Amino acid sequence: MQELVSSRRMPATLRWMAASQDLVVTRAQLAALGIGHEGVAARTRQGVWRDLGPRVVVLHSGQVTQRQRAWVGFLHAGRHSVLAGPTATELGGLRGYAAWEISVAVPHGSELGDLEHPLVTVRVHQTRHPAQSVVPGRTPARHTMARAVVETASTAADEDLARALLAAAVQQRLVRPSEMDAFLETRRTMPRRRLLRETIDDVAGGAHSLPELEYARALRRAGLPEPTRQRLVRRPHGSYYLDNDFEPWLVTVEVNGSQHDDARARDYDDERRGRLQAGGRLVVDLSSYVVRRLPRVAVLRTADALLSRGWVPPPRCATVLQTYRQLTA
């Protein structure tokens, strides 16, 4: 890897712009400072600078960072562009859902095309509302987390990924469900709108992981009562959050992921379960595998616990449970 070129070797008129744009500039900006085509060509031939498409130049020859790639997308698309979708979510701090391609929103009717380069790929998306829901004071401009997450989820590869994105953004404390809901209200024709609204409602109720979201959907389809999610219970020996608490029947359902296989986590779970049961609660443990792969089993185990505490299912729910028992027999 060649050595990164110091800003001291740049013309003095270029240094401030280079620093403010993470060493990424346009050819038009360079020309305005008196550095024309020949000056750019000479530096790129010498390996001092590097072309990143027909409009953008990076003022070094080293590795290109994610933020510099974002600048490339923004400058490639022009002054009316806004970083959008997964690019905006990553710059906003979302972990675990990074995307290689840089997503940029431009006004509807723009004739600008995508950029394909070995170091960066820019996807240009036309929209009638590129300048709405933009984070104030940010450069380069990017959409708010609420808009970026909802729009990314609406076009995700599958519904599981869409739900996981919404849950992760809330779980990582980057956006509130109410903010996503408010944005979704302004987009009446958005793909997966019903799924997105349902998921946002579930997340607002405390379902912050994909298995918990799957469990909520399974209960709703079967017609079981809605639990209180992430209910705080205070006891003399400590406070606990209950994943799914059916308070009228003193039934609690815990959805356990792989982290509960850790010995210390198991000991904590056992101690908490014992104290809850001593207080009269019936605790049902469901693995995330059962919830995601065997949802009927998860529903039946929940229903059996509720029935044992006096719950009476409505007629439609009773019919669904009977069908589930036949299918899982």
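As a reminder, the structure under discussion sits directly above these lines.
Residues numbered from 1 in each chain as written. Predicted model: local features only at pLDDT ≥ 70, side-chain atom pairs only at ≥ 80, totals over all residues. Heavy atoms only, no water.

Contact geometry for helix α13 (residues 295-308) and helix α14 (residues 315-328): axes closest at 10 Å, N-to-C directions at 125°. When the axes of α13 and α14 are compared, the pair comes out oblique. For α13 against α14, the interelement crossing comes out left-handed. Residues Arg296, Val297, Val299, Leu300, Ala303, Asp304 and Leu307 of α13 pack against Leu321, Tyr324, Arg325, Leu327 and Thr328 of α14. Residues belonging to the contact of α13 with α14 are distributed by class as follows: eight nonpolar, one polar and three charged. (Axes fitted to C-alpha atoms, helices over the stretch in contact; angles between N-to-C directions. Helix = DSSP H or I, 4+ residues; strand = E, 2+ residues; numbered from the N terminus. Parallel < 35°, antiparallel > 145°, perpendicular 65-115°, else oblique. Left-handed = near helix turned anticlockwise from the far one by under 90°. Contact = heavy atoms within 4.5 Å. Nonpolar A, V, L, I, M, F, W, Y, C, P; charged D, E, K, R; others polar.)

Below, the discussion takes up the nonpolar core. A general trend in soluble globular proteins is that nonpolar side chains are found buried together. Ranked by internal contacts, the top residues of the largest apolar core, which has 25 residues, are Val150, Leu166, Val175, Met180 and Leu196. Those elements that place two or more of their residues in this core are α6 (145-154), α7 (159-171), α8 (177-185) and α9 (193-204). With seven residues, α7 is the largest single contributor of residues to this core. Not counting the four nearest positions on each side in its chain, methionine 180 is found in contact with Ala146, Val149, Val150, Leu166, Val170, Val175 and Ile200. Listed in part, the 24 residues of the second largest apolar core include Ala218, Ala222, Phe246 and Leu300. (Core = buried A, V, L, I, M, F, W, Y, C linked by side-chain atoms within 4.5 Å. Buried < 20%, exposed > 50% of the residue type's maximum accessible area, 1.4 Å probe, protein only.)

Turning our eyes to something else, we now look at the environment of leucine 52. Structurally, the position occupied by leucine 52 is in the loop between β2 (50-51) and β3 (56-58). Given the relative accessible area of 1%, leucine 52 is considered buried. Considered as a pair, leucine 52 and valine 25 are 27 residues apart in the sequence and their alpha carbons are 10.0 Å apart. Apart from the residues within four sequence positions on either side, leucine 52 is in contact with Val58, Val64, Val72, Leu115, His117 and Leu119.

Further remarks concern the pattern of salt bridges. Between side chains of opposite charge, a pair can form as their charged atoms come close. Applying the stated criterion across every chain, the model contains 23 salt bridges. Aspartate 160 is the salt-bridge partner of arginine 292, the closest N and O atoms lying 3.2 Å from each other. Of the two residues, arginine 292 sits in helix α12 (residues 288-293) while aspartate 160 sits in helix α7, which places them 132 residues apart along the sequence. For arginine 292, a relative accessible area of 34% gives the class partly exposed. Using a relative accessible area of 27% as the deciding quantity, one classes aspartate 160 as partly exposed. (Salt bridge = Lys/Arg side-chain N within 4 Å of Asp/Glu carboxyl O.)

As a further point, take the packing of α7 against helix α10 (residues 210-222). Put simply, α7 and α10 touch, their axes get as near as 9 Å, and they point 115° apart. When the axis of α7 is compared with that of α10, the two are roughly perpendicular. In this structure, α7 crosses over α10, and the sense of that crossing is right-handed. Contacts between α7 and α10 involve Glu159, Asp160, Arg163, Ala164 and Ala167 on the former and, on the latter, Leu210, Leu213, Glu214 and Arg217. Tallied by class, the residues present in the contact of α7 with α10 amount to four nonpolar, no polar and five charged.

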